[in-house]
Amino acid sequence: QVQLVESGRGLVQPGGSLRLSCAASGSIFGINNMGWYRQAPGKQRELVASITSGGSTNYAHSVKGRFTISRDNAKNTGYLQMNSLKAEDTAVYYCNADFLLTPGEYWGQGTQVTVSS
């Protein structure tokens, strides 16, 4: 059974930093594409950043220059480094991935990020 487990939730002050991790486990042959999404209260889930199997990245305009997505293929883990955090970054963050030779896509359980003074 394939699972994505996120870690790194927390409360941080505006201007602070936080790093989220997303570890894949189960019968997998490696991560293909991975993305980080977020959902704030009363809002739709939105794509924050994505990274392809080849390492190409894409960012939402609102986080470009502040967030960095990366991956460690040997560990089947993805990361989202978040710097210069703002109150509007407060949301539940979800990782999403699809895997080599495995149908479908998978979601993590979500992790809460709160930016507040």
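Heads up: the structure comes first, above all this text.
Thresholds, definitions, all that
- Residues numbered from 1 in each chain as written.
- Predicted model: local features only at pLDDT ≥ 70, side-chain atom pairs only at ≥ 80, totals over all residues.
- Heavy atoms only, no water.
- Helix = DSSP H or I, 4+ residues; strand = E, 2+ residues; numbered from the N terminus.
- Rg over C-alpha atoms; globule rule 2.2 N^0.38 Å.
- Buried < 20%, exposed > 50% of the residue type's maximum accessible area, 1.4 Å probe, protein only.
- Disulfide = S-S within 2.5 Å.
- Phe/Tyr/Trp six-rings, centres within 6.5 Å; stacked < 30°, edge-to-face > 60°.
- Lys NZ or Arg CZ within 6 Å of the ring centre and 35° of its normal.
- Pairing = 2+ DSSP bridges.
- Axes fitted to C-alpha atoms, helices over the stretch in contact; angles between N-to-C directions.

A. Structural context of the overall build of the protein. Secondary structure assignment for the protein yields 0 helices and 11 strands. Across the protein, helices and strands are ordered from the amino to the carboxyl terminus as β-β-β-β-β-β-β-β-β-β-β. Expected size for 117 residues packed as a compact globule is a radius of gyration near 13 Å; at 14 Å, the protein falls within 12% of this value. Dimensions of the protein along its principal axes, counting C-alpha atoms only, are 45 × 25 × 25 Å. Per-residue burial over the protein gives 42% buried out of 117 residues.

B. Summary view of the state of the cysteines. Per the counting criterion, the structure on display carries 1 disulfide. One disulfide in the model links Cys22 with Cys95; its S-S distance is 2.0 Å. Here the disulfide of Cys22 and Cys95 is right-handed, its torsion about the S-S bond being about 55°. Pair noted here: Cys22 is in strand β3 (residues 18-25) and Cys95 is in strand β9 (residues 91-99), with a separation of 73 residues, a long-range link. Taking relative accessible area as the criterion, Cys95 reaches 0% and is therefore assigned buried.

C. Representation of the packing of aromatic side chains. The tally for this structure, following the rule as stated, stands at 2 aromatic pairs. The ring of Tyr94 has Arg45 sitting right over it, with the charged end atom 3.8 Å from the ring centre. For Arg45, the ring lying beneath its charged end belongs to Trp107, and the centroid distance is 4.7 Å.

D. Expanded view of the sheet that holds strand β1 (residues 3-7). Here we have 4 strands laid out as an open sheet, ordered β1-β3-β8-β7, and antiparallel in their pairing. Sheet topology places β1 and β7 (67-72) at the edges, where each strand pairs with a single neighbour. Between one strand axis and the next, the sheet turns by 15° as a mean value, whatever way the strands run. Pairing between β1 and β3: 5 bridges, direction antiparallel.

E. Structural context of unusual backbone geometry. Phi is positive for Ser84, which is not a glycine, with a value near 50°. Position of Ser84 among the secondary structure elements: in the loop between β8 (77-82) and β9. With relative accessibility at 40%, the residue Ser84 sits in the partly exposed group. Even without a glycine there, the phi angle at Leu101 is positive, about 60°. You can see Leu101 is positioned in the loop between β9 and β10 (102-107). Leu101 gets classed as exposed once you look at its relative accessible area, which sits at 75%.

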